[in-house]
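# Notes for the structure review
Chain by chain, the residues run as shown.
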Amino acid sequence: MLQDLASIVEEARRRTLQLEAAAAESELAVPRLAIVNPPLWELGHVGWFQEKWVLRHAAGRPPLRPDGDAFYDSAAVPHDARWELALPGRAETLSYLREVEREVLALVAGGAAERYFVELSVFHEDMHFEAMAFTRQTLARSAPPLPPAAAGRAGAELAGDVPVEGGTRLVGARAGDGFVFDNEKWAHPVALAPFAIARAPVSQGRFAEFVEDGGYRRRELWGEAGWRWRAAAEAAAPVYWARRDGGWARRDFDRWVPLEPDRPMVHACWYEAEAWCRWAGRRLPSEAEWEAAAGAFTWGAVWEWTASDFLPYPGFSPDPYREYSQPWFGSHKVLRGGSFATPRRLLRATFRNFYTPDRRDPWAGFRTCPT
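Reference entry: report on the structure contained in this document.

Conventions adopted
Per chain, residues are indexed from 1 in the order of the written sequence. Only residues with pLDDT of at least 70 are given local features in this predicted model, and only at 80 or more are side-chain atom pairs given and counted; all residues enter the totals for whole chains, interfaces and linings. Just so you know, side-chain values use all the structure's heavy atoms and leave hydrogens and water out. Only protein atoms enter the 1 Å grid used here, on which a cavity is any set of points holding a 1.4 Å probe that cannot leave and a pocket is any open set flanked by protein within 12 Å on both sides along at least five of seven lines; residues with an atom within 4 Å of a point are listed as lining. Grid points are joined across faces, edges and corners, and a volume is the space filled by probe spheres set on the points. Numbering of helices and strands starts at the N terminus; helices are DSSP runs of H or I of at least 4 residues and strands are runs of E of at least 2. Residue polarity is assigned by list, with Asp, Glu, Lys and Arg as charged and Ala, Val, Leu, Ile, Met, Phe, Trp, Tyr, Cys and Pro as nonpolar; anything else, Gly included, falls into the polar class. Strands were regarded as paired on the criterion that DSSP finds at least two bridges between them. Axis definition: a line fitted to C-alpha atoms, limited for helices to the stretch in contact. Angles are taken between N-to-C directions and run from 0 to 180 degrees. We call two residues in contact whenever any of their non-hydrogen atoms come within 4.5 Å of each other. Contacts described as polar in this section are N or O atom pairs within 3.5 Å, which, within protein, must combine one atom able to donate a hydrogen with one able to accept it, while residues neighboring in sequence count only if both atoms come from side chains.

## A short note on the layout of surface pockets
In this structure, the largest pocket occupies an estimated 1100 Å³ of space. Contributing to the lining of the largest pocket are 34 residues, with N37, H128, W328, Y355 and R359 lying nearest its centre. Sorting the residues of the lining of the largest pocket by element identifies α2 (39-58), α5 (115-138) and β11 (353-355) as the ones contributing at least two each. Sort the elements by how many residues they give to the lining of the largest pocket and α5 lands first, with 7 residues. Class assignment for the residues of the lining of the largest pocket results in 17 nonpolar, 10 polar and 7 charged.

## Side note on the sheet that holds β11
What the 4 strands build is an open sheet, ordered β11-β10-β9-β12; its pairing is mixed. Two strands in the sheet have a free side with no partner beyond their single neighbour: β11 and β12 (364-366). The sheet shows a mean angle of 50° between the axes of neighbouring strands, taken without regard to direction. Bridge count between strand β9 (residues 303-309) and strand β10 (residues 333-337): 4 bridges; the pairing is antiparallel. Its bridge partner being in β10, E304 is matched across the sheet by R336. The sheet strands contacting helix α8 (residues 270-280) are β9, β10 and β12, and the helix crosses β9 at an angle near 85°.

## Structural notes on the environment of E51
Topologically, E51 is positioned in helix α2. Not counting residues within four places of it along the chain, the set of residues in contact with E51 comprises R56, P62, P63, L64, R65, Y96 and V100. There is a polar contact of 2.5 Å between the side chain of E51 and the backbone nitrogen of L64.

What follows is the structure in structure tokens.
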């Protein structure tokens, strides 16, 4: 068990450092955007978070850096202020990450590490790994070391819907499931009517049909908030699509490729998913439906928007990392599944991802149900 714990700490940090190594020195300066962080801040934050919860909170150690909280506490340092900080340089930041890793591994080897907080720090790092990877997509940087995206899982071989019986289902994590986040607690009964759900996420080819049919111009396909977003964003097509050589192309990091019709739709925001559903006469599943059906379909290569607002389950109480869920209830939508870039250990049917409905930068698509 100790070896398993050490292995995930080492693997997460190795993955982070491989991603960091893909960045040229000139790429450490990034524009001030609401959807990205300064790379050196984000790297330092990953190390600081692990130090805070494993070494300081659980083990009672003094801070490794007296300035760490002032630099890297995401709850205390406003997003815009992160560009103004006199952050340590690249070499010093990487040294800090390695020092934290050494101290955590020594604690694990000595049997003195509290497993919950070690796993919390690893899963937090996994999420930042994916966020740092899609920052490279946002900024048109070269592709980082990632598994290849699954291209054919929205194709004809997975066409159609799978029926799901109705009834009372338990939704949420159960005690004994291993590490889970506070927003997954606890399993509770939800009554569901019989429904059907697509075997695969909506493909790029099907989404292109919506675009070609004037989907971004047709007011009747959009809700009030969605239409306001579309107008403000001046959206006329998916965010990384462009007309080239008589067809659609998409930007994949720093290169343009012809649109792959069978590839799952990706970088769609919730509003775009909602509009596509109106156009197609379909609907997004609730997160309870998605979880109830999770064993009946093949997971795609993208996060999948649901119809559900991100809200607490009955009896919710925050875990020690109080800022993880509670501040975002009511303002975000729930996504389920996982993307091709999500570390596999995060993938489980009860895991709830959450973003505001305007976000197009994550590797997110959607699966639908008949109305």
